[in-house]
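# Results of the structural survey
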Amino acid sequence: MPNNRNLINDMDIVRMAQILDKGLPIPGLAGRYVVEEGWCAVITEGGMFREILPPGQHLLNKYSFWRDVKAYAVDKRIQTLKVLSKDEMAIQRPYPMKLNLGLSIEYRVSDPRRVALEVKEPLTNLFDRVIQAVRGIVVNAGYEEIQMNGEGIAVGTQQRLQAMQLPNVLGIEIFGVLVNSISVTDVGNDSLCLLYTSPSPRD
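Residues numbered from 1 in each chain as written. Predicted model: local features only at pLDDT ≥ 70, side-chain atom pairs only at ≥ 80, totals over all residues. Heavy atoms only, no water.

## Let's talk about a nonpolar patch on the surface
On the surface, Phe-49, Ile-52 and Leu-117 cluster together into a nonpolar patch covering about 210 Å² of accessible area. Residue placement: Ile-52 occurs in strand E4 (residues 48–53). (Patch = residues over 30% accessible without salt bridge, like charges linked within 9 Å, V, L, I, M, F, W, Y side chains within 5 Å. Areas by Shrake-Rupley, 256 points an atom, 1.4 Å probe, with all protein chains shown as cover. Salt bridge = Lys/Arg side-chain N within 4 Å of Asp/Glu carboxyl O. Helix = DSSP H or I, 4+ residues; strand = E, 2+ residues; numbered from the N terminus.)

## As for the pattern of salt bridges
The final tally for this structure, using the stated rule, is nine salt bridges. With a closest N to O distance of 2.7 Å, Arg-5 and Asp-128 form a salt bridge. With a gap of 123 residues between them, Arg-5 in the segment before strand E1 (18–19) and Asp-128 in helix H2 (residues 122–138) connect regions that are remote in the sequence. Looking at Arg-5, the relative accessible area reads 38%, which means it is partly exposed. In this structure, Arg-77 and Asp-75 form a salt bridge, with 2.8 Å as the shortest nitrogen-oxygen distance. Here Arg-77 falls in the partly exposed class, since its relative accessible area comes to 44%. The exposure class assigned to Asp-75 is buried, which follows from its relative accessible area of 1%. (Buried < 20%, exposed > 50% of the residue type's maximum accessible area, 1.4 Å probe, protein only.)

## A few points about the sheet that holds E1
Pairing is antiparallel across the open sheet formed by four strands, whose spatial order is E1-E6-E3-E4. Of all strands in the sheet, those bounded by a partner on one side alone are E1 and E4. When E1 meets strand E6 (residues 69–75), the two strands line up antiparallel, connected through two bridges. Directly across from Gln-18, in E6, lies its bridge partner Ala-71. (Pairing = 2+ DSSP bridges.)

Here it is as structure tokens:
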């Protein structure tokens, strides 16, 4: 498995649509809907966007009794996306060496409507863009990045993600990128041993 994409669960940030029970069109018998703290609810009425509800308890009698009302619960808390890559990238200096890389991406939903209604698999899309961004950095990286614990890779990846304008494209904002682990996989190769060999003095 080159990476952990198959473990991404988009319901970590947006739940499947829930058809709301509006109760009865009689005063005092209206239905209620509760939005959890840290979440919001994107509401559609008759298949059209209606509004975004903040945390708290909401009466449903303001919606048409004859039209389906659906709620998409969206998590607005700051979260961390784990990205693991094994043997699918390689540093190039002083010679190509395959890389194992573990990243933490700190993010938060900035546009609940876009995440719930406009973007299919938003968290998986974010993962794909992280891989794209880090690949563009690693291809020009050298072994010094391993020695620096990937600091340059983290900075470069965050800059590339910011250039992708993810709040406008996915409705997700990136706050930080951290390299949790970084190593080359062919440690036993003679080529890697040359990195630790001092040059011979000239005669």
